[in-house]
Amino acid sequence: VLIFEHGFDLPEFAAFPLLDQPAGRAALLGYYRGFVDIADEYGVDLVLDTATWRASHAWGAKLGYGADDLDRVNRDAVAFVEHVRADRPADAPKIWISGSVGPAGDGYNPDVHQTAENAVAYHGPQLRSLAEAGADFATVLTMTHAEEAGGAAQAAKDAGIPVTVSFTVETDGALPSGQSLQEAIEAVDAATDCYPEQYGINCAHPEHFAERLSADDGWCHRIGLVQANASKMSHKELDEAPELDPGDPTELGLDVAGLQEQLPALTVVGGCCGTSHAHIDQIARACVPATVTT
């Protein structure tokens, strides 16, 4: 949305520098408020991620942000979402602030393979900034292998903030590292004494992973978040695509709703690459029980 609809140039696909630009802040405010309107329409709580998926050491350094700047911008990102949810009517649906954390490498590529110990050190500063700024919880997104995911979960535990760990999967339903989703979830749970509040799947279309899920499997009960791509393209195809592929918002909504039978703990649904307010509206329309909206 920010690139293709608002025309922003986002080097390294980082949105957090927009917080340092008046025009960027205005665009982010409108972007967030569109989701607030959807949540209010359907009468459901809303999770808003901070614009900090790339606001960690390695990515920040590429954009000229040092440690102090990253601490500032992570805290500012939480305060920005706090502003969005301020002065809400007492009976309005609740807005939750999720501190967004991304991988040290590319979310499509597992080449940057961190050990769990290195991941604790890498993600610790950002998670502490988000926790101290008052984020309700953290969401670690687009993890490509279990070791970094486990280290990030441990760093969240050390920072005293609840965390959801979400994995990227390819068109075959496996992580970019080749590890199965089940293996990754069970490895992180074993390494962190089941610390993540829940797990998620993001940056993939439901068609890519739905057949791998079953409510009869205990590990599927640990998945509480799905943030789906609009497109059915592979990550390689998306990287090379000259134009945005918006897919079919109505079909996506129905596909996400269909996951509820396979994922009994699914409570947070939303969008990833290529999705807009139209997609989230259709996801909410398909997933929210009719009794909530009447």
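The structure we're discussing is the one just above.
Rules and cut-offs
Residues numbered from 1 in each chain as written. Predicted model: local features only at pLDDT ≥ 70, side-chain atom pairs only at ≥ 80, totals over all residues. Heavy atoms only, no water. Patch = residues over 30% accessible without salt bridge, like charges linked within 9 Å, V, L, I, M, F, W, Y side chains within 5 Å. Areas by Shrake-Rupley, 256 points an atom, 1.4 Å probe, with all protein chains shown as cover. Salt bridge = Lys/Arg side-chain N within 4 Å of Asp/Glu carboxyl O. Helix = DSSP H or I, 4+ residues; strand = E, 2+ residues; numbered from the N terminus. Buried < 20%, exposed > 50% of the residue type's maximum accessible area, 1.4 Å probe, protein only. Expected span 1.5 Å × (residues − 1). Contact = heavy atoms within 4.5 Å. Phe/Tyr/Trp six-rings, centres within 6.5 Å; stacked < 30°, edge-to-face > 60°. Lys NZ or Arg CZ within 6 Å of the ring centre and 35° of its normal. Axes fitted to C-alpha atoms, helices over the stretch in contact; angles between N-to-C directions. Parallel < 35°, antiparallel > 145°, perpendicular 65-115°, else oblique. Left-handed = near helix turned anticlockwise from the far one by under 90°. Nonpolar A, V, L, I, M, F, W, Y, C, P; charged D, E, K, R; others polar.

Student: Please clarify how a nonpolar patch on the surface should be interpreted in this entry.
Tutor: A contiguous nonpolar patch, built from Ile3, Phe4, Phe13 and Leu244 and spanning about 370 Å² of accessible area, is present on the exposed surface. One can find Leu244 in the loop between helix 7 (235-240) and helix 8 (249-258). Leu244 gets classed as partly exposed once you look at its relative accessible area, which sits at 38%.

Student: Got a minute to help me understand helix 4 (residues 116-133) in this structure?
Tutor: Residue pairs three or four apart in sequence face the same way in an α-helix, which turns once every 3.6 residues. Helix length check: helix 4, at 18 residues, gives a terminal C-alpha distance of 25 Å against a target of 26 Å (1.5 Å per residue), a fit within 8%. Turning to helix 4, its buried residues are Ala119, Tyr122, His123, Gly124, Gln126, Leu127, Ser129 and Leu130. Turning to helix 4, the residues buried within the fold contact helix 2 (57-62), helix 3 (67-85), strand 2 (95-101), strand 3 (137-143) and helix 5 (146-159). Just past helix 4, the residue Gly134 takes up positive phi, approximately 105 degrees.

Student: Which parts of the structure should I look at to understand the packing of aromatic side chains?
Tutor: Aromatic rings considered in pairs are described by the distance between their centres and by the relative angle of their planes. Considering all chains together, one arrives at 7 aromatic pairs under this definition. Taken together, a centroid distance of 4.9 Å and an interplanar angle of 80 degrees make the contact between Phe16 and Tyr65 edge-to-face. Linking Phe16 in the segment before helix 1 (22-42) with Tyr65 in the loop between helix 2 and helix 3, this pair joins segments that are 49 residues apart in sequence. Residue class for Tyr65 comes out buried when judged on its relative accessible area of 13%. An aromatic cluster of three or more residues is present, and its members are Tyr31, Tyr32, Phe35 and Phe80. The ring centre of Trp59 lies 4.4 Å from the NZ or CZ of Lys62, which sits over that ring. Lying across the ring of Trp96, Lys94 places its NZ or CZ 3.9 Å from the centre.

Student: Would you take a moment to explain the packing of helix 4 against helix 5 for this structure?
Tutor: How two helices sit against one another is set out by the angle between their axes and by the gap between those axes. The N-to-C vectors of helix 4 and helix 5 enclose an angle of 40 degrees; their axes lie 7 Å apart at closest approach. With respect to each other, helix 4 and helix 5 are oriented oblique. The handedness of the crossing between helix 4 and helix 5 is right-handed. When helix 4 is examined against helix 5, the residues Ala116, Ala119, Val120, His123, Gly124, Leu127, Arg128 and Ala131 are found in contact with a partner set consisting of Glu147, Glu148, Gly151, Ala152, Gln154, Ala155, Ala156, Asp158 and Ala159. Of the residues that constitute the contact of helix 4 with helix 5, the class distribution is 9 nonpolar, 4 polar and 4 charged.

Student: Help me understand the pattern of salt bridges in this model?
Tutor: Pairing is possible between side chains that carry opposite charge, provided their charged atoms lie close to one another. The final tally for this structure, using the stated rule, is 11 salt bridges. In this structure, Asp40 and Arg88 form a salt bridge, with 2.7 Å as the shortest nitrogen-oxygen distance. Of this pair, Asp40 sits in helix 1 while Arg88 is found in the loop between helix 3 and strand 2, placing the two residues 48 residues apart along the sequence. The salt bridge involving Glu251 is made with Lys232; its shortest N-O contact spans 3.3 Å. Placement of the pair is Glu251 in helix 8 and Lys232 in the loop between strand 6 (223-228) and helix 7, with a sequence separation of 19 residues. A cluster of three or more residues bridged by salt bridges with shared partners is formed by Asp71, Arg75 and Glu132.

Note that every value here comes from positions in space, so none of it alone points to a role or purpose.
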